[in-house]
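These are the residues of each chain, in order.
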Amino acid sequence: MKTKQDRRDKIKARIRGKISGVSSRPRMTVFRSNKQIYVQLIDDEAGNTLVSASSKGLEAKGTKSEVAAQVGKEIARKALDAGITTVVFDRNGYLFHGRIKSLADAAREGGLKF
């Protein structure tokens, strides 16, 4: 019997086979734990993280979706400061729903294009 993690790993591998980030258009990957949400902009050619943000560093209040939206705004602000305007979105095997969707929508509002 497959677990949720097995299912997510299979989806994640399928997604990563199709997309990768370059310095001009880095990969925006999201990790969601039960309490926190993390996002990074990664240049896969060089293998470095260019910009990152998480709910851990923020003094954020509200529901998990509201906190995710604040993280989305934060990553957009940091990316624009670093001169990054377009990214490739990597939902990391998670469904595009709930916290992932609110983070992506907030990043778009903040000025990122994907």
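Definitions and cut-offs
- Starting from 1, residues in each chain are numbered consecutively following that chain's sequence as written.
- pLDDT decides what is reported in this predicted model: residues at 70 or higher carry local features, side-chain atom pairs at 80 or more are listed and counted, and totals for whole chains, interfaces and linings draw on all residues regardless.
- Note that water and hydrogens are dropped before the side-chain values are worked out from all heavy atoms of the structure.
- Counting from the N terminus, the helices are DSSP H or I runs at least four residues long and the strands are E runs at least two residues long.
- Multiplying one less than the number of residues by 1.5 Å gives the expected span of a helix.
- Burial classes follow relative accessibility: with a 1.4 Å probe on protein chains only, a residue under 20% of its type's maximum area counts as buried, one over 50% as exposed, and anything between as partly exposed.
- For this quantity, the arc is that covered by the directions from the helix axis to the C-beta atoms.
- Residues count as neighbours in contact if any of their non-hydrogen atoms are within 4.5 Å of one another.
- Here, strands pair whenever DSSP counts at least two bridges between them.
- Fitted lines through C-alpha atoms give the axes, limited to the stretch in contact for helices. The angle between two N-to-C directions lies from 0 to 180 degrees.
- By salt bridge we mean one thing: a side-chain nitrogen of Lys or Arg within 4 Å of a carboxyl oxygen of Asp or Glu.
- Nonpolar side chains (Val, Leu, Ile, Met, Phe, Trp, Tyr) within 5 Å and like charges within 9 Å form the patches, drawn only from residues with over 30% relative accessible area and no salt bridge.
- Note on areas: Shrake-Rupley with a 1.4 Å probe; residue coverage comes only from the protein chains shown.
- Working convention for charge: Lys and Arg count positive, Asp and Glu count negative, and His plus the chain ends are omitted.
- By convention, the point assigned to a charge is CZ for Arg, NZ for Lys, CD for Glu and CG for Asp.
- Here a cavity denotes grid points, spaced 1 Å and computed from the protein atoms alone, that fit a 1.4 Å probe unable to get out, and a pocket denotes an open set having protein on both sides within 12 Å along at least 5 of 7 lines; residues with an atom within 4 Å of a point are the lining.
- Grid points are joined across faces, edges and corners, and a volume is the space filled by probe spheres set on the points.

1. Comments concerning helix α1 (residues 4–18)
Link 1 in the chain: When the terminal C-alpha atoms of α1 are compared, their 22 Å separation across 15 residues agrees well with the 21 Å that a helix rising 1.5 Å per residue should span.
Link 2 in the chain: Three or more residues of α1 are buried, namely Arg8, Ile11 and Ile15. Taken down its axis, α1 places every buried residue within 70° of arc, on the same side. Exposed residues pointing more than 90 degrees away from the buried face of α1 are listed as Lys10, Ala13 and Gly17.
Link 3 in the chain: Here the buried face of α1 lies against β1 (27–32) and β4 (88–90).

2. Description of the sheet that holds strand β2 (residues 37–43)
Link 1 in the chain: Overall, mixed pairing links the four strands, which are arranged β3-β2-β1-β4 in an open sheet. Bordering the open sheet on either side are β3 (48–54) and β4, each of which pairs with just one other strand. Each adjacent strand pair in this sheet contributes to an overall mean axis angle of 20°, direction not counted.
Link 2 in the chain: In this structure, β1 lies alongside β2, joined through six bridges in antiparallel fashion. Residue methionine 28 lies in a different strand from β2, and its bridge partner there is leucine 41.

3. Let's talk about the pattern of salt bridges
Link 1 in the chain: Taken as a whole and assessed by the stated rule, the structure comprises eight salt bridges.
Link 2 in the chain: Put simply, arginine 108 and aspartate 105 hold a salt bridge, and the shortest N to O gap is 3.6 Å. One end of the pair, arginine 108, and the other, aspartate 105, are both in helix α3 (residues 99–109), three residues apart, so they sit about a helical turn from each other.
Link 3 in the chain: Arginine 108 sits in the partly exposed class, given a relative accessible area of 37%.
Link 4 in the chain: Since its relative accessible area comes to 27%, aspartate 105 is described here as partly exposed.
Link 5 in the chain: What you see here is one network of salt bridges that share partners, running through Arg16, Arg27, Asp44 and Asp90.

4. Quick notes on a positive patch on the surface
Link 1 in the chain: Residues Lys4, Arg7, Arg32, Lys35 and Lys64 make up a contiguous surface patch of positive charge.
Link 2 in the chain: Inspection of the secondary structure puts arginine 7 in helix α1.

5. Observations regarding the layout of surface pockets
Link 1 in the chain: In this structure, the largest pocket encloses a volume near 340 Å³.
Link 2 in the chain: Along the wall of the largest pocket there are 15 residues; nearest its centre are Lys4, Arg7, Arg8, Arg32 and Tyr94.
Link 3 in the chain: Looking at the lining of the largest pocket, the elements that each hand over two or more residues are α1 and α2 (64–81).
Link 4 in the chain: If you tally residues by element for the lining of the largest pocket, the top one is α1, at four residues.

6. Description of the side chain of asparagine 92
Link 1 in the chain: With respect to the helices and strands, the residue asparagine 92 is situated in the loop between β4 and α3.
Link 2 in the chain: Taking the relative accessible area as the measure of exposure, asparagine 92 reaches 8% and is therefore buried.
Link 3 in the chain: Other than its neighbours up to four places away in sequence, asparagine 92 contacts Arg8, Lys12, Thr29, Val30 and Phe31.

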